[in-house]
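Commentary on secondary and tertiary structure
What follows is the residue order along each chain.
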Amino acid sequence: MFAYYLDLAWHSLRRNPILTALMVLAIGLGIGASMTMITVLHVLTDDPLPGRSSQLFTPHLDPLPLNYKQGGDSPDAADNVTWPDAMALLKAHRAERQAAMAGGTLLVRPARADLRPFNVDGRYATADFFAMFGMPFEHGQSWSAADDAARAHVVVLSDTLYRKLFGNGSGIGQDVRLGEHDFRVIGVTADWQPKPMFYADPGAQHYSDVDQFFLPLSAAVDLKLSTNGNQSGWGKNDDSTSLTGATMTWLQFWVQLNSPAQAQAYRQFLVDYSAQQKAQGRFERPSTDAKLYSLMGWLKHENLVPNDVRLQLWLALGFLFVCMVNIVALLLAKFLRRSSEISVRRALGARRRDIFLQLGIESALIGVAGGVLGLVIAQIGLWSVRHRPDDYAQLAQMDMPMLLGTLALAIIASVVAGLLPAWRACRVQPALQLKTS
Amino acid sequence: MQIQPIFAALRKHRLATLLLALEIALACAVLCNACFLIISRVQHTHVDSGVDESALAAVKLTGYDPASSVDLNARVLSRLAKIPGVQSVNVINAVPFGDHAGTAGISTDAAGKHFAGVVDFYVGNPGSFKALGLQLVAGSMPQASDAQPLDSFVPKNATVWVTRALAEHLWPDTDPLGREFWTDQFHFRVGGVLAHLARPWGGEGGPSTIDWSVYVPAQAGRQLAGTYLLRVNPAESPRVLRDARAAIATIAPDAVVDSKNSQTLGTLREKYFRQDRLMAGILLGVICALLLVTALGIVGLASFWVQQRRRQIGVRRALGATRSDIVAYFQTENFLIVSGGIVLGMLLAFAINLLLMQHYELPRLPLYYLPIGALSLYAIGQLAVLGPALRAAAVPPVEATRSV
């Protein structure tokens, strides 16, 4: 029966090739535009560390004074953590693993004579950073908690920077000059680029920044290395801008908690810690303001999707809707015009649901053709997105689920568009139609 | 032309008519709002920076030892001035469309009680005012004595030049000359008003604050070094920038040229507005696609109706209707449907505008967009229906005698 309906649909579509082409074009344009933007949104909100992200959390305290004035568009000062709080959370050691971190850009002065000095982005972190995020090492290893305590001048390089600096030779144990100081290379990581870079400062370029070096946070603070990201202070005295002061937030903090029970316990620990700080007079806000965000929850809170992308998504969906209304009108006209043919079939014994199925298959066939066209248009759309100046541009690629999703969306859209016309068409009165024609 | 029979015919196709009207309503709503968005974006890209962009270029150095910055300034200023095509070299902290350097909140009282917004301070050595090509509208030009040594990012107590937009924001309807404002412990007195001076990296509070800049003359030194403003012959700017890089490699081998910020101001501006131009382009594409689809819908539906009514058209022709009567029938029919769609579309346009206003800092949709949107949809509707209407007019009267 299915093959017969397919055959009927094919014949019907071929009878009005121009109209069929218009419908396929409309659905193809609508689907292509929508899928381009849905794909962009999909890569922007993707899980940066599949498999590990459910165990990663970021604690947030609110050390801001009650009268702290938040600038209109400036980032929330409570998004980051102060140095004393970060050190207290590290020392408490209540999570499986925990690390404090901050971004920094340093000038590399290569020993090789053929390379000019250049700037690289990297991260100042504490020892658990590598194990907690599951960073793969190619050579050597990370530093230890003892190195943190000793403010050791050691550095872990990314594979790209390591190759650039040492070529094919071995660089483990050698010194690299970063800024005005020498650091001993103790490890090399594979190029590891979670997208978005969830652990970066809220002001960072989450989709294009890549960390090329990692060195102990204690050493960075000790040497007063320059840091990237937002530093929000509210102190009145001169040490209000000191990195280790209690009145400036600038660090990011992440913990690994393996079970919901652990997460619950940690959340309680944060509230208790805040209450204790409040009792000491350091915190002014309610201790229940302390929050523990899951990784995906944090990304949602940070709202990394640019406003323009949202606007474009809405435009694309609106466009798809207009295309669908268009197809509903065209299918309605087309199906009702075939009232006499439908009446003959009904008179010969076809049930309403047979007619409905037949017309549904005809709509679906348009959907398949529109979906294929939509895929082509979406690829062109994504190609143009990749040429945009935005930091997420390079990520705009369609994966297999998105590819199948496009076809599915096209078929669903066209079948939905066909529902109303098909329902109207199968309600025609056979006797009346046969008589009048 | 009687409208009654058209209504009677449309009533037979209520659903299809309604759908077409709905489609036109959506198209009208999106068209008005998208045009409004495009125009506001395009206006944004035409902002007047207040400086002679075509004749200016910036060179930014990093990585040098801060202790040697006075020496670096001296070497760079004297060496770059020797490059052919360079008219002047000055030290400045930031340039329009480059990275921002002196952004701070200001207040109109010394105690900091009356917060007046976040502004950008341009700090430059005495020659930079003339080099930028700033246009003075009130007050006097900065004198050499106005330039003070710097201990921080701005002098402790300085005469400054503010833009007209900032002056109007701080002291509406009063003469800004001699007025004072503060940021933290720094005190400023207005010495003059500038026509325009755009902030380096746009305004934090939306497009209206893009001109909230303050020009502060100061002496180059440890706190003012590393960024240089070159006034060049516009035709030679690419070569001058190349020469400048080569010269810096020899006179300051330690320093690293920040390529992103070492560009002509024209290039910086182009990069700065790329996102806006892109969005305007996308919106334009959406409008075209939307109108195309709407036109296709009208063509499709009208063609069907023409085919369906061949016999009736034949009867009318046989009873004496002329070809132009038939064309007029279909055009009137389209006019009625589009009219219905536009009424609904205008309401929808305002609803979408309200939504956009909530999320995108957009002003209210000006009323004159509505008749323009309506006219364009009428035009598209009439053009789209013309083909099917002409085909209908070609139906011979003999069609009346044929049965299906």
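Preceding block: the structure.
Let us look at the structure shown here. (Residues numbered from 1 in each chain as written. Chains lettered and ligands numbered in written order. Predicted model: local features only at pLDDT ≥ 70, side-chain atom pairs only at ≥ 80, totals over all residues. Heavy atoms only, no water.)

Here we look at the overall build of chain A
Counting secondary structure elements, chain A contains 14 helices and 12 strands. Against the compact-globule benchmark of 22 Å for 437 residues, chain A has a radius of gyration of 30 Å, which places it well outside the compact range. Reported as C-alpha extents along the three principal axes, the dimensions of chain A are approximately 95 × 60 × 40 Å. About 19,200 Å² of surface is accessible on chain A, with carbon and sulfur atoms providing 56% of the total. Here chain A holds 39 positive side-chain charges and 37 negative ones, and the gap between their average locations is 14 Å. (Helix = DSSP H or I, 4+ residues; strand = E, 2+ residues; numbered from the N terminus. Rg over C-alpha atoms; globule rule 2.2 N^0.38 Å. Areas by Shrake-Rupley, 256 points an atom, 1.4 Å probe, with all protein chains shown as cover. Lys, Arg positive; Asp, Glu negative; His and termini not counted. Charge placed at Lys NZ, Arg CZ, Asp CG, Glu CD.)

Re the side chain of Thr 264 of chain B
All names here are of chain B. By the secondary structure assignment, Thr 264 is in the loop between strand S11 (256–257) and helix H7 (265–272). Within the structure, Thr 264 has its side chain in polar contact with the side chain of Thr 267 (distance 2.6 Å). Setting aside residues no more than four positions away along its own chain, Thr 264 makes contact with Leu 56, Ala 57, Ser 237 and Leu 241. (Polar contact = N/O pair within 3.5 Å; in protein donor to acceptor, adjacent residues only side chain to side chain. Contact = heavy atoms within 4.5 Å.)

So, H7 of chain B
Residues and elements named next belong to chain B. Within H7, burial applies to Leu 265, Leu 268, Arg 269 and Tyr 272. Take H7 and look down its axis: the buried residues cluster within an arc of 100°, on one side only. Where H7 is buried, its residues contact helix H2 (14–45), strand S1 (56–62) and helix H8 (274–308). (Buried < 20%, exposed > 50% of the residue type's maximum accessible area, 1.4 Å probe, protein only. Arc of directions from axis to C-beta.)

Description of the side chain of Thr 227 of chain B
Within the element layout of this structure, Thr 227 of chain B appears in strand S10 (residues 227–232). Every residue in contact with Thr 227 of chain B, bar those within four places of it in the chain, is listed here: Val 59, Lys 60, Asn 90, Val 91, Ile 92 and Asn 93 of chain B.

Quick look at a nonpolar patch on the surface
All names here are of chain A. On the surface, a nonpolar cluster with roughly 290 Å² of combined accessible area is contributed by Val 344, Leu 348 and Leu 434. As for its position among the elements, Val 344 is in helix H11 (residues 339–347). For Val 344, a relative accessible area of 39% gives the class partly exposed. (Patch = residues over 30% accessible without salt bridge, like charges linked within 9 Å, V, L, I, M, F, W, Y side chains within 5 Å. Salt bridge = Lys/Arg side-chain N within 4 Å of Asp/Glu carboxyl O.)

What to know about the nonpolar core
Ranked by internal contacts, the top residues of the largest apolar core, which has 142 residues, are Val 40, Phe 129, Phe 133, Phe 198, Tyr 199 and Trp 254 of chain A. Contact partners of Tyr 199 of chain A, with chain neighbours within four places excluded, come to Met 101, Arg 123, Phe 129, Phe 133, Trp 192, Pro 194, Asp 211, Gln 252 and Trp 254 of chain A. (Core = buried A, V, L, I, M, F, W, Y, C linked by side-chain atoms within 4.5 Å.)

Focus: the packing of aromatic side chains
Across all of its chains, the model carries 35 aromatic pairs over all chains by this definition. Ring plane angle 40° and centroid distance 6.4 Å describe the contact between Tyr 124 of chain A and Phe 213 of chain A, whose orientation is recorded as tilted. Note that Tyr 124 of chain A is positioned in strand S4 (residues 118–125) and Phe 213 of chain A in strand S9 (residues 213–216), a separation of 89 residues in sequence. For the pair Phe 129 of chain B and Tyr 215 of chain B, a centre-to-centre distance of 5.2 Å together with 70° between the ring planes defines the contact as edge-to-face. Of this pair, Phe 129 of chain B sits in helix H4 (residues 128–132) while Tyr 215 of chain B sits in strand S9 (residues 213–217), and the two are 86 residues apart along the sequence. There is no split in this pair, since Phe 129 of chain B and Tyr 215 of chain B are both buried. Every member of this aromatic cluster is reached through a ring pair, and the members are Phe 129, Phe 130, Phe 133, Phe 137, Trp 143, Trp 192, Phe 198, Tyr 199, Phe 214 and Trp 254 of chain A. Over the ring of Phe 118 of chain A we find Lys 164 of chain A, and its NZ or CZ is 3.9 Å from the ring centre. Against the face of Trp 423 of chain A rests Arg 427 of chain A, its NZ or CZ located 4.7 Å from the ring centre. (Phe/Tyr/Trp six-rings, centres within 6.5 Å; stacked < 30°, edge-to-face > 60°. Lys NZ or Arg CZ within 6 Å of the ring centre and 35° of its normal.)

The quantities given are spatial measurements derived from coordinates; they are silent on function.
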